[in-house]
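Observations on the three-dimensional arrangement
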Amino acid sequence: MTRKIELNWSKKFDFVGNLTTGPTNGSSTSFQVKAALKATYSSLFGIYMFLEDTSFEPGRRAAIESWRKSHDLATTGALKPIYIGIVKSDQRDYVERMREHHKKWIYQYHNKGQLFVKFATTYYWCKDEELPQLIEDAESVLIFEKKPYENTAKTSSYSIAEDILIINTGHHEPLPKSISSKRHF
């Protein structure tokens, strides 16, 4: 049996251009990104994706293009997924995950228009208690499919409970309209 999940992707938000520089010393997202998260993505479970505009810095673009070629990936287009992640508990919500990423690697992006984030609202056909596993499996398939630069796991292999079909809607670019785990194995 193939499970199905629809991911309705938001528009992209300029993440670096919207970091606060006040008393939080730049470690949290702006009010614009927080307001979008609160209004639209109040669910405890979800998927998000960071995108880099690789045309911004020629040296960085060359490094990413070289890495993508070495992994047999397409290199066309300026916006590339560089990290795909999930939220699957109320202990680490979207805003907390953004703070964690900022401390680990986002701090290296300094320029407005260089780093964007998109969030996916999930529509699913399973029992609510099965949703955390479905979200995790969808993340695995997306990471394996796109091999984002900043993801360290699931880029060369993954295991999932059952086959999954992901339907991407909304502002899903650069992801394809649909991805099936069946084509990976």
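See the structure above.
Since the structure is predicted, the reported quantities are computational estimates derived from the model, not experimental observations.

A rise of 1.5 Å per residue sets the reference length of helix α4 (residues 131–146), with its 16 residues, at 22 Å; its end C-alpha atoms lie 22 Å apart and thus fit the reference within 8%. After α4 finishes, the residue Lys 147 shows a positive phi value of roughly 50 degrees.

Taken as a whole, this structure holds 6 aromatic pairs when the rule is applied. Here the aromatic residues Tyr 48, Phe 50, Tyr 83 and Trp 105 are joined through ring pairs into a cluster of three or more. Above the plane of the ring of Phe 116 lies Lys 12, whose end atom (NZ or CZ) is 4.6 Å from the centre. Sitting over the face of the ring of Phe 144, Lys 147 holds its NZ or CZ atom 3.9 Å from the ring centroid.

A word on the pairing of strand β4 (residues 79–88). Where burial is concerned, most of β4 is hidden: 8 out of the 10 residues are buried. Sheet analysis places strand β3 (residues 45–53) next to β4, joined by 9 bridges and oriented antiparallel. Residue Ile 47 lies in a different strand from β4, and its bridge partner there is Ile 86.

Further remarks concern the nonpolar core. A general feature of soluble globular proteins is that nonpolar side chains tend to end up buried together. One finds Ile 5, Leu 7, Trp 9, Ile 47, Leu 142, Ile 164 and Ile 166 to be the most contacted residues of the largest nonpolar core, which totals 23 residues. Going through the elements one at a time, β1 (3–9), β3, β4, β5 (115–124), α4 and β6 (164–170) are the ones with two or more residues in this core. The element best represented in this core is α4, accounting for 8 residues. Contact partners of Ile 166, with chain neighbours within four places excluded, come to Ile 5, Leu 7, Ala 138, Val 141, Leu 142, Lys 177, Ser 178 and Ile 179. Of all hydrophobic cores here, the second largest spans 15 residues; its members include Phe 13, Tyr 94, Met 98 and Tyr 109.

Applying the stated criterion across every chain yields a total of 5 salt bridges. One salt bridge in this structure joins Arg 183 and Glu 145, with 2.1 Å as the shortest N-O distance. Pair noted here: Arg 183 is in the segment after β7 (178–180) and Glu 145 is in helix α4, with a separation of 38 residues, a long-range link.

Most of β5 sits inside the fold, with 7 of its 10 residues counted as buried. Bridging between β1 and β5 involves 5 bridges; their strand directions are antiparallel. Each bridged residue has a counterpart across the sheet, and for Ile 5 the counterpart in β5 is Tyr 124. Sheet topology places strand β2 (residues 13–14) next to β5; 2 bridges connect them, and they run antiparallel. Paired with Phe 13 across the bridge in β5 is Val 117. Where β3 lies against β5, 6 bridges are found, and the strand directions are antiparallel. For Ile 47, the partnering residue across the bridge sits in β5 and is Ala 120.

About the cut-offs
Residues numbered from 1 in each chain as written. Predicted model: local features only at pLDDT ≥ 70, side-chain atom pairs only at ≥ 80, totals over all residues. Heavy atoms only, no water. Helix = DSSP H or I, 4+ residues; strand = E, 2+ residues; numbered from the N terminus. Expected span 1.5 Å × (residues − 1). Phe/Tyr/Trp six-rings, centres within 6.5 Å; stacked < 30°, edge-to-face > 60°. Lys NZ or Arg CZ within 6 Å of the ring centre and 35° of its normal. Buried < 20%, exposed > 50% of the residue type's maximum accessible area, 1.4 Å probe, protein only. Pairing = 2+ DSSP bridges. Core = buried A, V, L, I, M, F, W, Y, C linked by side-chain atoms within 4.5 Å. Contact = heavy atoms within 4.5 Å. Salt bridge = Lys/Arg side-chain N within 4 Å of Asp/Glu carboxyl O.

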